[in-house]
Amino acid sequence: MSVLHDEATVVDLHNDLILLVDHFDHRGRPDYFADFWLPELRTGGVDVQVLPICIEEQFQSEGALRRTLLLVERIHALAQQHPQVAVCLTGAEVAQATAAGRIALIIALEGAHGIGQDPELIGTMQRVGVRIASLAHLGRTHLADGSGLDDSSRGGLTPQGIEVLTEMERAGIVFDLSHLGVAGVDDVLSRATRPLLATHSACRAVTDIHRNLADQQIKAIADLGGVIGVAAAIPPFIDPDQPTAARVVDHIEHLASIATIDAVALGPDFVDDYYNEVFGGWMVIPGVDQPSLDSDIRRPSDLPKITHELAARGFSDADIRKVLGENALRVLDQVMGIPGR
């Protein structure tokens, strides 16, 4: 690991590791986090880890709320079991944890299936520790349409989705644009009053798929003070033919050219192990060709490759620190966990 990477605060805005931890826990391997993920996070220099709760298809109905709360509890139990990590509810708690050498964990909802069509449950999620949320995943929810559906249908936020956005801003939960369809992104950007995140996306101008953001969306996110986390570990988002660290930095360079370096962060989306373990390979993502190559960025321990490539291209140390974590921390500190702020 480079000295710069080691000294910087590294924030990963999206890692589905809790699904794999839960999977192995039910199969007689109860400390998979300590066996695999904790060493990976340490080797990769990760100081702040966002843990999204993604609800598998079999739970996406009446079982969604129960599954959401079980995974929230699993994250809290993880922190109780391992003093090296801490669930953090405010920016101040993140700063305290990282200063003490602990990895700060932030709970997120990916798709918010557990909310159903009841915006008042945002208050419940805030109380149990959720601090980031998106409203859709790989399809339609009661709140919004996800990317991958026919964008000509112009399905944006539903009335309940609009109310959820308002409740999230009131409750100090950061809105996550990743996975929303075009109309939903436009709806949020026209209504949001606080900085927001696209936790794991990339640039459509560099790689033209529906999950990536168009330049005008990138600019609008930046105008709100928001940040885009580059989904460095997903080959189709970065480059289906050459998913290299160099191509990841191509996306970073494009983001910086459209929105300045202050809008760039990392949200790798390390799901390769989960898909291979649970599905025997990559799951089908609507509208996205399945990868045939391994990415240069497959594990947290690969993150220093991005720092190396940024330095090789002449990015200043100050700008590299922004990309690695300072930009994401700014948004989290401004919004997270302080109702009524």
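Up top you'll find the structure we're talking about.
A short tour of the structure in this document, coming up. Just so you know, the residues in each chain are numbered from 1, in the order the chain's sequence is written. Since the coordinates come from a predicted model, pLDDT governs what is reported: local features require at least 70, and pairs of side-chain atoms require 80 or more to be given and counted, while whole-chain, interface and lining totals use all residues. Only heavy atoms go into the side-chain values, all of them from the structure, while hydrogens and water stay out.

Mapped onto the fold, Val48 is located in strand 2 (residues 46-54). Separated by 46 residues in the primary sequence, Val48 and Val94 have C-alpha atoms spaced 7.6 Å apart. Contact criterion: two residues are considered in contact whenever any of their non-hydrogen atoms come within 4.5 Å of each other. Residue contacts for Val48: discarding those within four places in its chain leaves Val10, Val11, Asp12, Val94, Thr98, Ala104, Ile106 and Leu329. Think of it this way: any DSSP run of H or I at least four residues long counts as a helix, any run of E at least two long counts as a strand, and we number them from the N terminus.

So, on to the pattern of salt bridges. Think of a salt bridge as a Lys or Arg side-chain nitrogen and an Asp or Glu carboxyl oxygen that are within 4 Å of each other. As enumerated under the stated definition, the model contains 14 salt bridges in all. Between Asp250 and Arg247 there is a salt bridge whose closest N-O contact spans 2.6 Å. Here Asp250 pairs with Arg247, and both are found in helix 11 (residues 245-259), just three residues apart, close to one helical turn. Through salt bridges with shared partners, a single network forms among Asp239, Arg247, Asp250, Glu253, Glu309 and Arg313.

Strand order in the open sheet formed by three strands is 7-8-9, and the pairing between neighbours is parallel. The open sheet is flanked by strand 7 (197-201) and strand 9 (264-266), the only strands paired with a single partner. Averaged over neighbouring strand pairs, the angle between their axes works out to 30 degrees when direction is ignored. Relative to strand 9, strand 8 (residues 227-230) runs parallel, the two sharing three bridges. When the bridges of strand 9 are listed, Ile228 appears paired with Val264. To get an axis, fit a line to the C-alpha atoms, keeping to the stretch in contact for a helix; angles then go from 0 to 180 degrees between the N-to-C directions. Along the sheet, helix 14 (residues 317-335) contacts strand 7, strand 8 and strand 9; its crossing angle with strand 9, the most-contacted strand, is approximately 105 degrees. At least two bridges found by DSSP between two strands are what make those strands a pair.

Using protein atoms alone on a 1 Å grid, points that fit a 1.4 Å probe yet trap it form a cavity, whereas open point sets bounded by protein on both sides within 12 Å along at least five of seven lines form a pocket; residues with an atom within 4 Å of a point count as lining. Grid points are joined across faces, edges and corners, and a volume is the space filled by probe spheres set on the points. If you walk through the whole model with that rule in mind, you get five cavities of 30 Å³ or more. In this structure, the largest cavity spans a volume of roughly 90 Å³. Along the walls of the largest cavity sit 16 residues, with Leu180, His210, Arg211, Asn212 and Leu213 positioned nearest its centre.

Below, the discussion takes up helix 5 (residues 91-99). Per-residue accessibility, obtained with a 1.4 Å probe over protein chains only, is compared with the maximum for each type, and a residue is labelled buried under 20%, exposed over 50%, and partly exposed between these values. Three or more residues of helix 5 are buried, namely Gly91, Val94 and Ala97. Seen along its axis, helix 5 keeps its buried residues to an arc of 120 degrees; they face one direction. Summarising the geometry of helix 5, the exposed residues directed more than 90 degrees from the buried face are Gln96 and Ala99. Of the residues one or two after helix 5, Gly101 is the one with positive phi, at around 80 degrees. Within this analysis, the arc is defined by the directions that extend from the helix axis to the C-beta atoms.

For the rest of this paragraph, the subject is the packing of helix 11 against helix 13 (residues 304-312). Contact pair helix 11 / helix 13: the axes reach a minimum separation of 9 Å and the direction vectors enclose 65 degrees. Remark: the crossing between helix 11 and helix 13 carries right-handed chirality. Contact residues: Ala245, Ala246, Val248, Val249 and Ile252 in helix 11; Lys305, Ile306, Glu309 and Leu310 in helix 13. Asp, Glu, Lys and Arg are counted as charged, while Ala, Val, Leu, Ile, Met, Phe, Trp, Tyr, Cys and Pro are counted as nonpolar; the rest, among them Gly, fall into the polar class. Considering only residue class, the contact of helix 11 with helix 13 consists of seven nonpolar, no polar and two charged. Rotating anticlockwise by less than a right angle from the far helix to the near helix defines a left-handed crossing, while the corresponding clockwise rotation defines a right-handed one.

In this section: the packing of aromatic side chains. Between 30 and 60 degrees the pair is tilted, below 30 it is stacked and above 60 it is edge-to-face, where a pair is any two Phe, Tyr or Trp rings, Trp via its six-membered ring, whose centres lie within 6.5 Å. In the structure shown here, the tally under the stated rule is three aromatic pairs. An angle of 35 degrees between the planes, with centres 4.4 Å apart, marks the rings of Phe24 and Tyr32 as tilted. Per residue, the accessibility class of Phe24 equals that of Tyr32, and both read buried. Note on Tyr32 and Phe36: the rings are 5.6 Å apart at their centroids and 10 degrees apart in plane angle, and the pair reads as stacked. With a gap of four residues between them, Tyr32 and Phe36 both fall in helix 3 (residues 32-43), about one helical turn apart. Each residue in the set Phe24, Tyr32, Phe36 and Trp37 is aromatic and connected to the rest through ring pairs, giving one cluster.

In this section: the nonpolar core. Nonpolar cores are built from buried Ala, Val, Leu, Ile, Met, Phe, Trp, Tyr and Cys residues. Side-chain atoms within 4.5 Å join them into one set. By size, the foremost hydrophobic cluster in this structure holds 87 residues, and its most contacted members are Leu177, Ile252 and Ile306. Excluding residues within four positions of it along the chain, Ile252 makes contact with Val230, Val264, Leu266, Ile306, Leu310, Phe315 and Val323. Formed by 21 residues, the second largest nonpolar core is a distinct cluster that contains Ala97, Ile132, Val331 and Met336.

Our focus in this paragraph is the environment of Ile106. Take Ile106: it is sitting in strand 4 (residues 103-110). Residue class for Ile106 comes out buried when judged on its relative accessible area of 0%. With 56 residues separating them along the chain, Ile106 and Val50 place their C-alpha atoms 4.6 Å apart. Ile106 has contacts with Val48, Gln49, Val50, Leu51, Cys88, Val94, Arg131, Ile132, Leu332 and Met336, leaving out every residue within four places of it along the chain.

Strand 4 sits mainly inside the fold: eight of its eight residues count as buried. Side chains of strand 4 alternate between two faces, with Ile103, Leu105, Ile107 and Leu109 and Ala104, Ile106, Ala108 and Glu110 buried alike. As paired elements, strand 2 and strand 4 share seven bridges and run parallel to each other. Among the inter-strand pairings, Pro52 is bridged to a residue of strand 4, identified as Ala108. Note on handedness: a clockwise path from strand one over the helix to strand two, with the strands aimed away from the viewer, defines a right-handed crossover. Once the chain exits strand 3 (residues 85-87) it traverses helix 5 before rejoining the sheet at strand 4, and the crossover so formed is right-handed. Where strand 4 meets strand 5 (residues 130-133), three bridges bridge the pair, whose relative direction is parallel. Following the sheet pairing, Ala108 is matched in strand 5 by Ile132. In this fold, the crossover linking strand 4 to strand 5 by way of helix 6 (residues 121-128) has right-handed handedness.

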